[in-house]
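Structural characterization, general
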Amino acid sequence: MLKPTATCGSSSTLDTVYRHGKGRLREQGIEDARAGRAQARFEARELRLEQIKTERRKQREQREQKLQQPQVAMDEVQAAIARAKQKKAGDIDGGES
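How each quantity is defined
Every chain is numbered independently, its residues counted from 1 as its sequence is written. Residue-level local features of this predicted model are given only where pLDDT is at least 70; pairs of side-chain atoms are given and counted only at 80 or more, and the full residue set underlies all totals for whole chains, interfaces and linings. Side-chain figures throughout are based on the complete set of non-hydrogen atoms in the structure, without hydrogens or water. Starting at the N terminus, helices and strands are each numbered in turn, a helix being any DSSP run of H or I of at least four residues and a strand any DSSP run of E of at least two. We call a residue buried when its accessible area falls under 20% of the maximum for its residue type, exposed when it is over 50%, and partly exposed in between, using a 1.4 Å probe and counting protein chains only. We get accessible surface area from the Shrake-Rupley algorithm with a probe of 1.4 Å; when it comes to residues, only the shown protein chains can shield them. What makes a salt bridge here is a side-chain nitrogen of Lys or Arg within 4 Å of a carboxyl oxygen of Asp or Glu, nothing more. Residues enter a patch when their relative accessible area is above 30% and they make no salt bridge; the linking distance is 9 Å between like charges and 5 Å between nonpolar side chains (Val, Leu, Ile, Met, Phe, Trp, Tyr). In summary, the charge assignment counts Lys and Arg as positive and Asp and Glu as negative, without counting His or the chain termini. Where a charge lies is defined by one atom per residue type: Lys uses NZ, Arg uses CZ, Asp uses CG and Glu uses CD.

1. A closer look at the overall build of the chain
Scanning the chain for helices and strands turns up 2 helices and 0 strands. The proportion of buried residues among the 97 residues of the chain is 2%. Of the accessible surface of the chain, which amounts to about 9,500 Å², a share of 55% is contributed by carbon and sulfur atoms.

This is how it looks when you write it as structure tokens:
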């Protein structure tokens, strides 16, 4: 024989109803706190990513501005060539020792 799954409201005690309700409220509070922490993490991440993007854009603009000046650009190129020659000379000398 099948047992009924739902009971009549008048047969349950108020204590059971209140306990069940308090349990659900506690669970809802835990879920709300969890959601709040997740939202705070998300917002902090978004802010951090935006700051990184802004910093990179600023650095790129500074590099481009620096290279717009012809003398500075030539100095950078000459310095790179000098470093390459020095490294090449160092490798040759190091191999003979």
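Still to come is the rest of the account.
2. Description of the pattern of salt bridges
Scanning all chains against the criterion turns up 2 salt bridges. A salt bridge links Arg19 to Asp15; its shortest N-O distance comes to 2.5 Å. Here Arg19 and its partner Asp15 are both found in helix α1 (residues 14-68), 4 residues apart, which amounts to about one turn of the helix. Here Asp15 falls in the partly exposed class, since its relative accessible area comes to 46%.

3. Things to note about a positive patch on the surface
Taken together, the side chains of Lys53, Arg57, Arg60 and Arg63 define a basic patch exposed on the protein surface. If you trace the backbone, Arg60 turns up in helix α1.

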